[in-house]
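One letter stands for each residue in the lines below.
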Amino acid sequence: MWRILFLIHVGLAGIWATDYELLLEDPDIFAPCTEARPGTMFIREAINFDKLTVEQDPDTIHISGNATTNWDLQPNDRIAAKFALFHYQRGNWEPTVFTMATQDFCAIMYDKDQYWFKYWTTFITNRQEVQQDCIKKAGTTLIHEPFHLRLMLTNIRGATLHGRYKTVISFEAFDEKNVPRPNSVCFEIRGEAEKVK
Ligand SMILES: *[C@@H]1O[C@H](CO)[C@@H](O)[C@H](O)[C@H]1NC(C)=O
């Protein structure tokens, strides 16, 4: 996922570029969002993990199996998705320039040019079913072929990353009148940035 951000904000590789990886700090991988509004669901509430295997090496997350959604929305709701990187400094989580947002996740989840697709949804094998309900209908099962997520930020120029970082991934739903639904989904992945040698 980290790779995603960089490509959007910095562009093509240069000779001065540096690659970083995130060494995960939490054995459970996912942590609840610290700034979440009341009513926000954690990923382990929004998705049933019973048949989903998520394992980690220091810098890679291995995912396989079936995730069943518990999020219960209306068919015409819109889901906005966001990914943001924060740096822990002087006791606070400070925002960075590394963010990625889409206002209509369901419209682009199978767009092959989208990073959501390249890093996640391309590995969902029951695409036809999922395309119909997206992640709006509780009880939808997302069947994954085994895949890996390496948490890297590549080709960083003009900035040095060090210390503790977190990525905040959130999904927010809006009804047909664009009013936010009370329950959104949010989770964090935290770790230490380290230069890839
Ligand atoms: C996932 O669902 C498919 C289809 O129902 C099934 O064949 C497969 O065994 C399931 N995998 C797991 C890990 O439960």
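Scroll up a little and you will see the structure.
Everything quoted here is computed from the prediction, not taken from an experiment. (Residues numbered from 1 in each chain as written. Predicted model: local features only at pLDDT ≥ 70, side-chain atom pairs only at ≥ 80, totals over all residues. Heavy atoms only, no water.)

Student: Tell me about the pattern of salt bridges, and please be specific about residues and values.
Tutor: Enumeration over the complete set of coordinates arrives at eight salt bridges. One salt bridge in this structure joins Lys112 and Asp113, with 3.9 Å as the shortest N-O distance. For Lys112, a relative accessible area of 58% translates into the label exposed. On the basis of relative accessibility, which here comes to 54%, the residue Asp113 falls in the exposed class. Arg190 is paired through a salt bridge with Glu188; the nearest N and O atoms lie 2.9 Å apart. Across the pair, exposure class does not vary: Arg190 and Glu188 are buried alike. (Salt bridge = Lys/Arg side-chain N within 4 Å of Asp/Glu carboxyl O. Buried < 20%, exposed > 50% of the residue type's maximum accessible area, 1.4 Å probe, protein only.)

Student: Account for the site of the ligand, with residues named and values stated.
Tutor: All residues adjacent to the ligand are Lys51, Asn66 and Ile143. Protein chains shield 34% of the accessible area of the ligand, which is 360 Å² for the free molecule. (Near = heavy atom within 4 Å. Areas by Shrake-Rupley, 256 points an atom, 1.4 Å probe, with all protein chains shown as cover.)

Student: Got a sec to walk through the packing of aromatic side chains? Specific residues and values, please.
Tutor: Within a pair of aromatic rings, the relevant descriptors are the distance that separates the centres and the angle that separates the planes. With the rule as written, the count across this model stands at ten aromatic pairs. Ring centres of Phe105 and Trp116 lie 5.6 Å apart, and the angle between their planes is 85°; this geometry places the pair in the edge-to-face category. Within this pair, whereas Phe105 is found in helix H3 (residues 105–108), its partner Trp116 is found in helix H4 (residues 115–119), the two being separated by eleven residues in sequence. Across the pair, exposure class does not vary: Phe105 and Trp116 are buried alike. For the pair Phe123 and Phe147, a centre-to-centre distance of 4.5 Å together with 5° between the ring planes defines the contact as stacked. One end of the pair, Phe123, is in the loop between H4 and helix H5 (127–133); the other, Phe147, is in strand S8 (residues 141–150), and 24 residues separate them in sequence. (Phe/Tyr/Trp six-rings, centres within 6.5 Å; stacked < 30°, edge-to-face > 60°. Helix = DSSP H or I, 4+ residues; strand = E, 2+ residues; numbered from the N terminus.)

Any functional reading would require information that these geometric values do not contain.
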